[in-house]
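Listed here are the chains, written in short residue letters.
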Amino acid sequence: AFAEYPDVSEWFLTGHSLGGSLAVYAMGDKRVREGVKEAHIFNPGVGTCDLLRGQDKKNFEHLHVHLSKSDTISEGYEYQENPLGNVNVHDFGSVV
């Protein structure tokens, strides 16, 4: 996308659930990390960071991961061995 749209000066990345996991995974590529100004990911899958094991956390300072406290699928993201990005847990109350 960077090559296809060379006139775009600011890129933002976002995704939810599986899309969030894919977005975090894409941030593992140096070209994506350097090309994206900021990334906001919502409730990504828990195993995402395992795919990027060994990455330096400082490379992910512009990655913001938003988790819903009541989302059981992604609740373990912040407790992974190496959670990447700035993790923000939001309590939206009961969904029921």
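Residues numbered from 1 in each chain as written. Predicted model: local features only at pLDDT ≥ 70, side-chain atom pairs only at ≥ 80, totals over all residues. Heavy atoms only, no water.

### With respect to the overall build of the chain
Here is the rule we go by: Runs of E in the DSSP output that reach at least two residues are strands. Runs of H or I that reach at least four are helices, and both are numbered from the N terminus. Using a 1.4 Å probe on the protein chains alone, a residue whose accessible area is under 20% of its type maximum counts as buried, one over 50% counts as exposed, and one in between counts as partly exposed. Residues are treated as being in contact if the distance between any of their heavy atoms lies within 4.5 Å. The method behind every accessible area is Shrake-Rupley, applied with a 1.4 Å probe, and residues are considered shielded solely by the protein chains displayed.
The helix and strand inventory of the chain stands at three helices and four strands. When each of the 96 residues of the chain is scored for burial, the buried share is 34%. Taking the contacts inside the chain whose residues are at least 6 apart along the sequence as the reference set, 63% of them involve residues at least 24 apart. Counting only carbon and sulfur atoms, one obtains 54% of the accessible surface of the chain, whose full area is about 6,200 Å².

### As for the pattern of salt bridges
Which entries qualify depends on this criterion: The salt bridge definition used is simple: a Lys or Arg side-chain nitrogen within 4 Å of an Asp or Glu carboxyl oxygen.
Taken as a whole and assessed by the stated rule, the structure comprises four salt bridges. Aspartate 29 is the salt-bridge partner of arginine 31, the closest N and O atoms lying 2.9 Å from each other. Looking at arginine 31, the relative accessible area reads 63%, which means it is exposed. Salt-bridge contacts for lysine 58 lead to aspartate 56; the nearest nitrogen and oxygen are separated by 3.9 Å. For lysine 58, a relative accessible area of 55% corresponds to the exposed category.

### Quick word on the sheet that holds strand β4 (residues 86-90)
Where strands meet in a sheet, backbone hydrogen bonds hold them as pairs that are either parallel or antiparallel. Convention followed: In this scheme, strands are said to pair when DSSP sees at least two bridges between them. Throughout, an axis means a line fitted to C-alpha atoms (over the contacting stretch in the case of helices), and angles, computed between N-to-C directions, take values from 0 to 180 degrees.
As summarised here, the arrangement of the four strands in space is β1-β2-β3-β4, forming an open sheet in which the pairing is parallel. Each edge of the sheet is formed by a strand with only one pairing partner; in this case those strands are β1 (11-16) and β4. Strand-to-strand, the axes of this sheet are offset by a mean angle of 15°, without reference to chain direction. Direction of pairing for strand β2 (residues 36-42) relative to strand β3 (residues 63-68): parallel, over a ladder of four bridges. Within β3, the position partnered with histidine 40 by the bridge is histidine 64. Those strands touched by helix α1 (residues 18-26) are β1, β2 and β3, and its axis lies near 140° from that of β1.

### Side note on unusual backbone geometry
Positive phi, normally seen in glycine, also occurs at serine 17, with a value near 60°. Position of serine 17 among the secondary structure elements: in the loop between β1 and α1. Positive phi, close to 45°, is recorded for asparagine 43, a residue that is not glycine. Topologically, asparagine 43 is positioned in the loop between β2 and α3 (48-51). Residue classification places asparagine 43 among the buried residues on the basis of a relative accessible area of 11%.

### Details of the packing of aromatic side chains
Applicable threshold: Stacked, edge-to-face and tilted are the three classes for Phe, Tyr and Trp ring pairs, Trp counted by its six-membered ring, which pair at centre distances within 6.5 Å; planes under 30 degrees apart are stacked, over 60 edge-to-face, the rest tilted. Lysine and arginine charges are scored as sitting over a ring when NZ or CZ, respectively, is within 6 Å of the ring centre and within 35 degrees of the ring normal.
Counted under the stated rule, the structure contains two aromatic pairs. Judged by centre distance (5.1 Å) and plane angle (85°), the rings of phenylalanine 2 and tryptophan 11 are edge-to-face. Between tyrosine 5 and tryptophan 11 the ring centres are 6.5 Å apart and the planes differ by 55°, which places this aromatic pair in the tilted class. An aromatic cluster is built from Phe2, Tyr5 and Trp11, whose rings are joined through pairwise contacts. The ring of phenylalanine 60 has arginine 33 lying over it, and the distance from NZ or CZ to the ring centre is 5.5 Å.

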